[in-house]
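Coordinates in review
Below are the chains, spelled out letter by letter.
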Amino acid sequence: MSNIKYNEIAEGFRLLCVNTDKFKTNFINIDLYAPIGADLPAQYVLTTLLAHTSGKYPTFKSFNSKVESLYGASLDWLISNYGDNIRLSFSMELPDDRFALYGETFSADAVDFMTDIILNPFCSDGKFDETAAAREIRFTLEDLEARKNDKRAYALSRLKQLMCRNEKYGVDSEWLENEVRALTPERLFEAYKNLLSEAQIVVTACGTLSEKMLVEKMSDFAKSIENRKLKELTSEFVTGANDIRYFNETMEMMNQSKLVIGLRSGMKNDTDNYYAYRIMTDVFGGGPYSRLFTNVREKLSLCYYCSARLVRQKGIIFVQSGIENENYQKALGEIFNQLSVMKNGEFTDEELESSKKALADAYCGVLDSPGGVCAFFASQCFADEIITGEEEAKALLGVTREDVIKCAQNTVIDSVYLLSGEGNGDE
């Protein structure tokens, strides 16, 4: 990247500018981080509410017309977990001013629009507009209901809930849905005020956007938020497990069942031997070279898919697999066996090198789009220092066989969840 500049705009408000003319578009991303708590149901609704209407543009038509007026810019939004915290993300990609047909400059207008939808929502007299609130509550409930139809995602969410029931990370989906249904315009406004007051705010920008302009506008953004009472962002890392817990549920679906296994890696924080754990997880169940893919899926044909991924902010490894009901014990036993292979260092040098090369290449490739650049650097928003994709790749390539074995030996199985099929239904 041509120039990477970090700015501390105010306490709990950070701006990272990546200045480059490599792309034909600019990208800006605003993230609000807050601890998972009682406001979570309202935050789900707020994410879409703020991204669909605003005080200046109170209807879908006026709101979307404004976005389109920015040379066909695209606005996106997302709510996701960041360990035991929640992240509300708002992002916009728009053409670089260099490519305007008549020499217009609209990037500053786009930044104003992004900050305005957060600072000036469609509300008055201490509550959100009732029609808009009711609509977004309905949309959120429909989205939560739709997630149940994605059996793979549903099984993973149920394991998270059961495995982490005593941690903020283990959100009860039924509680979430019931609380969303009970929301009022007044309660949404209260949660909105809490969010602005308590959230850590991170803004990431990539392209030719003026750093001076961004610093000025983000400084005004920060000053517009009164009575800031920042909440500390923490995540609980459980480093071990006692006996393996087994959970079984049934749901109407096709013959394929969903098997999800939760493992505690032994990580004490999100930097504890991270690169070694990343490689270990990938050799175990990452790409087509991994132990789970080549053995459980290909050689033994015990599943339709089988993969593992590491959640860095919790130190948890999730294994997900789609199996036939009758293959449950065999598939589970072979997954356990492959973890033992990792612990004993019986994986091949070829598997190790394939993993290191694949992950190193991926870290370099993520910088091929402005959105990828923003996502990459936003993931480091709370790190002590900012590192590049090349530096990440170098760290991964430096992981040794001994590092991987040690990480595997620290990893223990916590919970096993099986969602069994009965009758006909969607996959």
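The present account deals with the structure reproduced in this document.

Thresholds applied
Residues numbered from 1 in each chain as written. Predicted model: local features only at pLDDT ≥ 70, side-chain atom pairs only at ≥ 80, totals over all residues. Heavy atoms only, no water. Pairing = 2+ DSSP bridges. Helix = DSSP H or I, 4+ residues; strand = E, 2+ residues; numbered from the N terminus. Axes fitted to C-alpha atoms, helices over the stretch in contact; angles between N-to-C directions. Phe/Tyr/Trp six-rings, centres within 6.5 Å; stacked < 30°, edge-to-face > 60°. Buried < 20%, exposed > 50% of the residue type's maximum accessible area, 1.4 Å probe, protein only. Salt bridge = Lys/Arg side-chain N within 4 Å of Asp/Glu carboxyl O.

Here we come to the sheet that holds strand S3 (residues 25-35). Read across the sheet, six strands follow the order S1-S2-S8-S3-S5-S4 without closing on themselves; strand pairing throughout is mixed. Since the sheet does not close on itself, it has two edges, and those belong to strand S1 (3-10) and strand S4 (74-82), each with one partner. Going from strand to strand, the sheet's axes swing by 15° on average, the running direction of each strand aside. Strand direction decides the pairing type here: strand S2 (residues 13-19) and strand S8 (residues 200-207), joined by seven bridges, are parallel. Note on S8: the bridge partner recorded for Leu16 is Thr204.

We now examine the packing of aromatic side chains. Counting across every chain of the model gives 13 aromatic pairs. Relative to Tyr82, the ring of Tyr33 has its centre 5.1 Å away and its plane inclined at 75°; by these criteria the two rings are edge-to-face. Of this pair, Tyr33 sits in strand S3 while Tyr82 sits in strand S4; the two residues are 49 residues apart in sequence, bridging distant segments of the chain. Neither residue differs from the other here; Tyr33 and Tyr82 are each classed as buried. Ring centres of Phe128 and Phe189 lie 6.2 Å apart, and the angle between their planes is 65°; this geometry places the pair in the edge-to-face category. Here Phe189 lies in helix H7 (residues 185-198) and Phe128 lies in strand S7 (residues 127-128), a separation of 61 residues in the sequence. The exposure class of Phe128 is buried, given its relative accessible area of 1%.

Another aspect to go through is unusual backbone geometry. Positioned with a positive phi, Asn273 is a non-glycine residue whose angle comes to about 50°. Looking at the element boundaries, Asn273 is found in the loop between strand S10 (256-264) and helix H9 (274-285). Of note, the phi angle at Ser301 is positive, near 50°, even though the residue is not glycine. According to the relative accessible area criterion, Ser301 is exposed, its value standing at 51%.

Turning to the pattern of salt bridges, a few remarks are in order. Oppositely charged side chains are able to pair whenever their charged atoms sit close together. With the rule as written, the count across this model stands at 28 salt bridges. Measuring nitrogen to oxygen at the nearest pair gives 3.9 Å for the salt bridge that ties Glu142 to Arg138. One end of the pair, Glu142, and the other, Arg138, are both in helix H4 (residues 130-147), four residues apart, so they sit about a helical turn from each other. Glu142 sits in the partly exposed class, given a relative accessible area of 45%. For the salt bridge of Glu190 with Arg187, the shortest nitrogen-to-oxygen distance reads 3.9 Å. A residue pair is termed a helical-turn pair when its members lie 3 or 4 positions apart in one helix, as Glu190 and Arg187 do in helix H7 at three residues. On the basis of relative accessible area, Glu190 is assigned to the partly exposed category, the value being 43%. Judged by its relative accessible area of 24%, Arg187 falls in the partly exposed class.

The values reported here are purely geometric and, on their own, carry no functional implication.
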